[in-house]
Amino acid sequence: MTSPSAANAAAARMRHLFSASTSTASSSSDMCDSSSLAAKPLHPPKRVLLLRHGQAVHNPRAEHARENGCSFETFLQLMLEDDQFDSALTELGEAQALEAGRRKHVRHALRDVEMVVSSPLSRALRTADLVHPLSDTVRSTAQSTPKRVCVEDFREINGKLLNARRLPRSDLEASFPHWCFEQIPDLDESWTEELETRDACSERGYRGLLWIMRRCEKNVLLVCHGGLLNYTMNSNSNVVLVDGRKAHGDRERCVTKRFGNCELREYVMTTWKRATLDEQKNGEDEQPVITLEEVTMEGPSDLNGDDSYAEEGGFNMM
């Protein structure tokens, strides 16, 4: 659950960042002094659980090579050689998702989820259904509880690779009838033969997070991709990561580390308005800042031992 202390820590972190940015800035005419820069929350904080999909068909060889220190060019070449349209989960990927859903702390974390959001790629939708399965009574309807919504902005780094292409909406509706696909176009018109840039991908992920913040649901599970999460969380100047975890074992992992397969992390997400004197004069608004404060996931301990499929490595296209 979202705690007041986590929200307060995010606010304190934003004030510190804004103060630091002005104290180290040059004295150019377009800079405002620290008294004119403030953080204003736009929405109440939300509790957001971020989950990466399980291993997919195009992953194994490229993942293995990356873990052994290959170049990015070699990694990408192996991805291309093993590429598959809308790449499905492997047997291991399915097992990872099932195992994740059985863990006590994961079940505990999911108990209050009001909405599940997913990428439109099948591997993410399938992972969501395995980790947080439907009850038998709603398995064949679109009125599932919690509601399940597919959002185009949360697809993986787009272009070049066939595994980044998605099915037409009609095919997705047939395969996943309990999901709402009203947020996506009928056809995949955004995929091109050129690989999407880091900036474009991170902006798309940021836009998706803003969509979640505008929703009424307070507890959300988002299932998406390693590359998208990495670019959005670590390469977008409007997204700030904050470490609000308790001071024990989970702090050994840096908050910026890439997600492992079916790894679940919990965040307090808040949007903030930057208010400067220039904005007040011109009536112009900058893009809001999103804080993602990672917090320690509360709940019963997992007695099965291994609590993560986290992987090592420096590349993040998944």
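The model shown is predicted, which means the values in this text are computed figures rather than measured ones.

### Remarks on the packing of helix α8 (residues 198-214) against helix α9 (residues 226-235)
Link 1 in the chain: At a minimum axis separation of 8 Å, α8 and α9 run at an interaxial angle of 85 degrees. Relative to α9, α8 is oriented roughly perpendicular. Across from Arg 198, Cys 201, Ser 202, Arg 204, Gly 205, Tyr 206 and Leu 209 in α8, the residues of α9 making contact are Leu 228, Asn 230, Tyr 231, Thr 232 and Ser 235.
Link 2 in the chain: Of the residues in the contact of α8 with α9, the class split is 5 nonpolar, 5 polar and 2 charged.

### What to know about unusual backbone geometry
Link 1 in the chain: The backbone of Asp 86 shows a phi angle near 45 degrees, a positive value even though the residue is not glycine.
Link 2 in the chain: One can find Asp 86 in the loop between α3 (72-81) and α4 (91-102).
Link 3 in the chain: Look at Asp 86 and you get buried, because its relative accessible area is 7%.
Link 4 in the chain: Of note in this structure, Lys 160 is not a glycine but carries a positive phi near 70 degrees.
Link 5 in the chain: Along the polypeptide, Lys 160 turns up in the loop between β4 (147-150) and α7 (169-175).

### Overview of the pairing of strand β8 (residues 289-295)
Successive side chains on a regular strand alternate, one facing one side of the sheet and the next facing the other.
Link 1 in the chain: Among the 7 residues of β8, 7 are classified as buried, and the element is accordingly described as predominantly covered.
Link 2 in the chain: Residues Val 289, Thr 291, Glu 293 and Val 295 of β8 are buried on one face, and the alternating residues Ile 290, Leu 292 and Glu 294, pointing to the opposite face, are buried as well.
Link 3 in the chain: Where strand β6 (residues 239-243) meets β8, 5 bridges bridge the pair, whose relative direction is parallel. Considered in β8, the bridge of Val 242 is made with Glu 293.

### Digging into the pattern of salt bridges
Link 1 in the chain: Inspection of every chain in the model, using the stated rule, returns 20 salt bridges.
Link 2 in the chain: Note that Arg 61 and Glu 81 form a salt bridge whose closest N and O atoms lie 2.7 Å from each other. Here Glu 81 lies in helix α3 and Arg 61 lies in helix α2 (residues 60-67), a separation of 20 residues in the sequence.
Link 3 in the chain: A salt bridge links Arg 126 to Glu 94, with the shortest nitrogen-to-oxygen separation between them at 3.0 Å. Of this pair, Arg 126 sits in helix α6 (residues 122-131) while Glu 94 sits in helix α4, placing them 32 residues apart in sequence.

### Examining the packing of α4 against α6
Link 1 in the chain: For the pair α4 and α6, interaxial distance at closest approach is 7 Å and the crossing angle is 35 degrees. In this structure, the crossing between α4 and α6 has a hand that is right-handed. Here Glu 94, Ala 97, Leu 98, Ala 100 and Gly 101 of α4 come into contact with α6, specifically with Arg 126, Thr 127, Leu 130 and Val 131.
Link 2 in the chain: Taken together, the residues of the contact of α4 with α6 sort by class into 5 nonpolar, 2 polar and 2 charged.

### Digging into the packing of aromatic side chains
Within a pair of aromatic rings, the relevant descriptors are the distance that separates the centres and the angle that separates the planes.
Link 1 in the chain: Counted under the stated rule, the structure contains 1 aromatic pair.
Link 2 in the chain: An angle of 40 degrees between the planes, with centres 6.3 Å apart, marks the rings of Phe 72 and Phe 75 as tilted. Of this pair, Phe 72 and Phe 75 both sit in helix α3, 3 residues apart, which is roughly one turn of the helix.
Link 3 in the chain: A cation over a ring is seen here: Arg 165 above Trp 191, with NZ or CZ 4.5 Å from the ring centre.
Link 4 in the chain: The positively charged end of Arg 265 is found above the aromatic ring belonging to Phe 259, 3.9 Å away from the centroid.

Calculation rules
Residues numbered from 1 in each chain as written. Predicted model: local features only at pLDDT ≥ 70, side-chain atom pairs only at ≥ 80, totals over all residues. Heavy atoms only, no water. Axes fitted to C-alpha atoms, helices over the stretch in contact; angles between N-to-C directions. Helix = DSSP H or I, 4+ residues; strand = E, 2+ residues; numbered from the N terminus. Parallel < 35°, antiparallel > 145°, perpendicular 65-115°, else oblique. Contact = heavy atoms within 4.5 Å. Nonpolar A, V, L, I, M, F, W, Y, C, P; charged D, E, K, R; others polar. Buried < 20%, exposed > 50% of the residue type's maximum accessible area, 1.4 Å probe, protein only. Pairing = 2+ DSSP bridges. Salt bridge = Lys/Arg side-chain N within 4 Å of Asp/Glu carboxyl O. Left-handed = near helix turned anticlockwise from the far one by under 90°. Phe/Tyr/Trp six-rings, centres within 6.5 Å; stacked < 30°, edge-to-face > 60°. Lys NZ or Arg CZ within 6 Å of the ring centre and 35° of its normal.

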